[in-house]
Amino acid sequence: KILLSEVEKRFKTVPESLAESVSKTSILENMIDGRLVYLEAQKNGVTVEDSAIEEVFTAEKSSVDEIIRLGGFTEEEVRASIKESLVVKKFLNESLFSKITVSDKEVADYFEANKDSFKQASAAHILVAEEQKAKDLLAQLKAGADFATLAKENSTDTGSGANGGELGFFSKGDMVESFGNAAFALKPGELSDIVQSQYGYHIILLHEFKEIQFDTVKEQINQGLLSQKMDKAYEDYLTDLKQKATIEILFKESAAS
């Protein structure tokens, strides 16, 4: 059984930054997932030492105190929750995740198929708040005005503006989507059209591209692919557990819940 009081206690500990995306229903569903795996772990005799529970309890004391204060949990309830999470983690690592591997070929193939995402660009930009001002500056640049001078005089990005708009090297994903797409669509020495983002209106001057060497990112790729496989294996395992289990949810969330 999972009591509504347990769900409500956890709901009280949700940070304000996540309040709009977390509901009591989503908390309940997450608790059901965890409880299903925990029951399987118990069936398989997985246990953890009390010392391991106390180690987490002590190391996370400030967080524990905050959870107790916000949710009204007792220390024993927190310890029980820590025990459940440690048992689940140990069980999944031993029975599911330890069998998952990523081959060198998979890593190399991913790199070849996604080379653009491992490329870096060096560029400068001018950022202004009004579209018309951006159009005026672009016209001046096309007429031969010096980019660095206009950046210093006009860019609202004071950090790069003071340095002539220079941004150094960056990956596509380091920037907001519209900026990254525009910058990586340019050729070295080319000037962009006006690019809008949540920060305002940009004019981008691309200097050069730099390829990232495979050896410097292969471990990153390996970990990314491993994480994807683990996520997929966990989702498949949960689906299988849910199909075998009898789950009855009596709680229906309302706007006032």
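These notes cover the structure that comes with them. Along each chain, residue indices are assigned from 1 in the same order as the chain's sequence is written. The predicted nature of this model means local features are confined to residues of pLDDT at least 70 and side-chain atom pairs, given and counted, to a pLDDT of 80 or more, with totals for whole chains, interfaces and linings taken over all residues. Excluded from the side-chain calculations are hydrogens and water; all other atoms, namely the structure's heavy atoms, are used.

## Regarding the sheet that holds strand β1 (residues 119-128)
Paired through their backbone hydrogen bonds, the strands of a sheet run either parallel or antiparallel. In spatial order, the strands read β2-β1-β4-β3; together these four strands make up an open sheet with antiparallel pairing. Each edge of the sheet is formed by a strand with only one pairing partner; in this case those strands are β2 (166-171) and β3 (195-197). Pairwise comparison of adjacent strand axes, ignoring direction, gives a mean angle of 45 degrees for this sheet. Two strands are counted as paired when DSSP detects at least two bridges linking them. Secondary structure is summarised from DSSP: a helix means a run of H or I of at least four residues, a strand means a run of E of at least two, and numbering begins at the N terminus for each. Of the strand pairs in this sheet, β3 and strand β4 (residues 200-211) are connected by three bridges, and their pairing is antiparallel. Axis angles are defined between N-to-C directions and span 0 to 180 degrees, where every axis is a line fitted to C-alpha atoms and, for a helix, only to the segment in contact.

## Describing the pairing of β4
Where a strand is regular, its side chains alternate between the two sheet faces. Pairing of β1 with β4, which is carried by ten bridges, proceeds in the antiparallel orientation. If you follow Leu-127 over to β4, its bridge partner there is His-202.

## Quick look at helix α8 (residues 147-154)
For each residue, the accessible area found with a 1.4 Å probe, counting protein chains only, is set against the maximum for its type, and the residue is called buried under 20%, exposed over 50%, and partly exposed in between. For α8, the full list of buried residues reads Phe-147, Leu-150, Ala-151 and Asn-154. Here the buried residues of α8 occupy an arc of 105 degrees about the axis, which is enough to place them on one side. Turned more than 90 degrees from where α8 packs its buried face, Lys-152 and Glu-153 sit exposed. Note that the arc is defined by the directions from the helix axis to the C-beta atoms.

## As for the pattern of salt bridges
Charged atoms that come close allow side chains of opposite charge to pair. For this document, the term salt bridge refers to a Lys or Arg side-chain nitrogen within 4 Å of an Asp or Glu carboxyl oxygen. Under the counting rule described, the total for this entry stands at 17 salt bridges. In this structure, the salt-bridge partner of Glu-6 is Arg-35, at a minimum N-O distance of 3.8 Å. Of this pair, Glu-6 sits in helix α1 (residues 4-12) while Arg-35 is found in helix α2 (residues 24-43), placing the two residues 29 residues apart along the sequence. A salt bridge links Glu-77 to Lys-9, with the shortest nitrogen-to-oxygen separation between them at 3.1 Å. Residue Glu-77 is found in helix α5 (residues 75-95), and its partner Lys-9 is found in helix α1; the two are separated by 68 residues along the sequence. Bridged by salt links that share partners, the residues Glu-54, Glu-75, Glu-76 and Arg-79 form one connected network.

## Some remarks on the packing of aromatic side chains
Each aromatic pair joins two rings of Phe, Tyr and Trp (for Trp, the six-membered one) with centres within 6.5 Å, and gets the label stacked for planes under 30 degrees apart, edge-to-face for over 60, and tilted for any other angle. Tallied over the full model, the rule gives seven aromatic pairs. Ring geometry for Phe-184 against Phe-209: centres 5.6 Å apart, planes inclined by 40 degrees, an arrangement best described as tilted. With Phe-184 in helix α10 (residues 177-184) and Phe-209 in strand β4, this pair connects stretches of sequence that are 25 residues apart. On the accessibility criterion, Phe-184 (13% relative accessible area) is buried. In this structure Phe-209 comes out as partly exposed when scored by relative accessible area, which is 25%. Put simply, the rings of Tyr-110, Phe-111, Phe-118 and Phe-214 touch in pairs and so form one group of aromatic residues. Charge-over-ring placement is defined geometrically: NZ (Lys) or CZ (Arg) within 6 Å of the ring centre, and within 35 degrees of the ring normal. The positively charged end of Lys-119 is found above the aromatic ring belonging to Phe-209, 4.3 Å away from the centroid. Lys-210 extends its terminal NZ or CZ atom over the ring of Phe-169, reaching a point 4.2 Å from the ring centre.

## Description of the nonpolar core
With 37 residues, the main nonpolar core has Val-37, Leu-92, Ile-221 and Tyr-237 as its most contacted residues. Looking at this core, the elements that each hand over two or more residues are α2, α3 (50-59), α5, α6 (104-113) and α11 (214-244). Working rule for contacts: check all heavy atoms of both residues, and any pair within 4.5 Å makes them a contact. With residues near it in sequence (within four places) discarded, Leu-92 still touches Val-37, Phe-97, Tyr-234 and Tyr-237. The criterion is simple. A nonpolar core is a set of buried Ala, Val, Leu, Ile, Met, Phe, Trp, Tyr and Cys residues joined through side-chain atoms within 4.5 Å. Grouped together as the second largest cluster of nonpolar side chains are 13 residues, Ala-134, Leu-138, Leu-150 and Leu-205 included.

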